[in-house]
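# Residue-level structural notes
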Amino acid sequence: MEFIKYEVEDMVGMITINRPKALNALNSQVLDELNETLDSVDLENVRCLILTGEGEKSFVAGADIGEMSTLTKAEGEAFGKKGNDVFRKLETFPIPVIAAVNGFALGGGCEISMSCDIRICSENAVFGQPEVGLGITPGFGGTQRLARVIPVGMAKQLIYTARNIKADEAYRVGLVNAVYPLEELIPAAKKMAAGIAMQAPIAVRNCKKAINEGLQVDMDQAIVIEEKLFGDCFETEDQRAGMGNFLEKDKEKKLKVVPFKNK
Ligand code: CAA
């Protein structure tokens, strides 16, 4: 792969978008490589992903403006679909994905971070949807996800004015969960990922599915989704071990439960 690095350590996979000369902008090749990387993740052994950008300046500075500059209407739509398909794969990926936003997260960069389950960022992070200043709409899910992640009036204001916001404001509006000095960002992401990876993996996956799918339907249907996924857990070894150890009040055994089985 030319533009994506992927490494696994202690059941956590780290995907790094590696095109620093263009501030990790997303061209078709980056999107294709990201898609292939997601397809290659070993879901038997990896329990959480971290997504970040190479370098100290930029997470992802958006879709590639050079590539987009000559697109026709049909090609523009196809490029939007290419990005949307990969981002949707990330959003519905069976295991949690943490975006560690290490600098610019503009346009497609803000959009890819919003396809992740959790966003944390460095103090130098800048978020925004500058597309209307380029004569286009956000095209990789920004019009949909920003209005779902932060209050809709604030999402509209940011998109209509193309105003970028810094890390502190991103935190204040709820776009990120936490802000760290740059050198502490990846350690914090790894610590959070490790905290997820040590939990019962099927339960974690079912939580992601229940939250994501439940948000798409009304509450009556949503609780039925939860009930089924809750019920599924009672067929797992993790449920028997986890509850058994609690009831036995055996601290030693409680420790032995970790790491849980992935089946
Ligand atoms: N596409 C292509 N190349 C990009 C890029 C992008 N989105 N962002 C940065 N680059 C390239 C620059 O062209 C430059 O390349 P050269 O060295 O070959 O000239 C290199 O990265 C470094 O960038 P700058 O010199 O501009 O760096 P800077 O520090 O002065 O500015 C910046 C940084 C403010 C992020 C600025 O690069 C910028 O405004 N980038 C564009 C951000 C943007 O508008 N993103 C949205 C794209 S549209 C989109 O994403 C649509 C969608 O929803 C799908």
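Sequence order sets the numbering: in each chain, residues are counted from 1 along the sequence as written. Local features in this predicted model are restricted to residues whose pLDDT is 70 or higher, and side-chain atom pairs enter the listing and the counts only when it is 80 or higher, whereas totals over whole chains, interfaces and linings include all residues. Water and hydrogen atoms play no part in the side-chain values, which are based on all heavy atoms of the structure.

This part takes up the environment of Thr37. Secondary structure elements follow DSSP: runs of H or I no shorter than four residues count as helices, runs of E no shorter than two count as strands, and numbering proceeds from the N terminus. Tracing the backbone shows Thr37 in helix α1 (residues 28–40). Working definition: with a 1.4 Å probe on protein chains only, accessible area under 20% of the residue-type maximum means buried, over 50% means exposed, and in between means partly exposed. The exposure class assigned to Thr37 is buried, which follows from its relative accessible area of 3%. C-alpha separation for the pair Thr37 and Thr161, spaced 124 residues apart in sequence, amounts to 35 Å. Whether two residues are in contact is decided by their heavy atoms: any pair within 4.5 Å suffices. Setting aside its immediate chain neighbours within four residues, Thr37 contacts Met1, Ile4, Tyr6 and Ile15. In protein, a polar contact requires one atom able to donate a hydrogen and another able to accept it; more generally it is a pair of N or O atoms within 3.5 Å, and residues adjacent in sequence count only if both atoms are side-chain atoms. Polar contacts involving the side chain of Thr37 include one to the main-chain carbonyl oxygen of Glu33, which spans 2.7 Å.

Another aspect to go through is the sheet that holds strand β3 (residues 48–53). The sheet built from six strands is open, its strands ordered β1-β2-β3-β5-β7-β10 with mixed pairing. The strands lining the two open edges of the sheet, one partner per strand, are β1 (4–9) and β10 (178–180). Averaged over all neighbouring strand pairs, the angle between strand axes comes to 20 degrees, with direction disregarded. Each pair of strands is called paired provided DSSP finds at least two bridges between the two strands. Where strand β5 (residues 97–101) and strand β7 (residues 118–122) come together, four bridges link them in parallel fashion. Lines fitted to the C-alpha atoms define the axes, with helices restricted to the stretch that makes contact. Angles between their N-to-C directions range from 0 to 180 degrees.

Moving on to the packing of aromatic side chains. Each pair of aromatic rings taken from Phe, Tyr and Trp, with Trp reduced to its six-membered ring, is defined by centres within 6.5 Å and is described as stacked if the planes are under 30 degrees apart, edge-to-face if over 60, and tilted in the remaining cases. This structure, assessed with the given rule, holds three aromatic pairs. Between Phe87 and Phe140, the ring centres sit 5.3 Å apart and the planes meet at 75 degrees, which makes this aromatic pair edge-to-face. Here Phe87 is found in helix α3 (residues 73–91), whereas its partner Phe140 is found in the loop between β8 (126–128) and α5 (142–149), with 53 residues between them in sequence. With respect to burial, Phe87 and Phe140 carry one shared label: buried. Ring centres 5.1 Å apart and planes at 75 degrees place the aromatic pair Phe230 and Phe234 in the edge-to-face group. Assessed through its relative accessible area of 38%, Phe234 is described here as partly exposed. Linked through ring pairs, Phe79, Phe87 and Phe140 together constitute an aromatic cluster. Whether a charge sits over a ring comes down to the Lys NZ or Arg CZ being within 6 Å of the ring centre and within 35 degrees of the ring normal. Across the ring face of Phe3, the terminal group of Arg19 is positioned such that the distance to the ring centre comes to 5.6 Å.

It is worth spelling out the site of the ligand at this point. Near is defined per residue: the residue qualifies when any heavy atom it owns lies within 4 Å of the molecule or strand. The local shell around the ligand holds 23 residues, among which Lys57, Ala63, Gly108, Glu111 and Glu131 are the closest. One of the backbone N or O atoms of Ala61 is found 3.0 Å from a nitrogen atom in the ligand. Every element with two or more residues in the shell around the ligand is listed here: α2 (65–68), β6 (104–106) and α4 (108–114). Grouping the amino acids of the shell around the ligand by side-chain chemistry returns 14 nonpolar, four polar and five charged. Gly is placed with the polar residues, together with every amino acid not listed as nonpolar (Ala, Val, Leu, Ile, Met, Phe, Trp, Tyr, Cys and Pro) or charged (Asp, Glu, Lys and Arg).

If you look at the biggest cluster of nonpolar residues, it comprises 46 residues, and the most contacted ones within it are Leu49, Leu51, Ile112, Phe127 and Leu175. Those residues in contact with Leu49 that sit more than four places away from it in its chain are Tyr6, Gly13, Ile15, Leu38, Val41, Phe93, Ile95, Pro96, Val97 and Ile98. What is meant by a nonpolar core is a set of buried Ala, Val, Leu, Ile, Met, Phe, Trp, Tyr and Cys residues, joined one to another through side-chain atoms within 4.5 Å. If you look at the next biggest cluster of nonpolar residues, it comprises 15 residues, including Leu185, Ala193, Ile196 and Val204.

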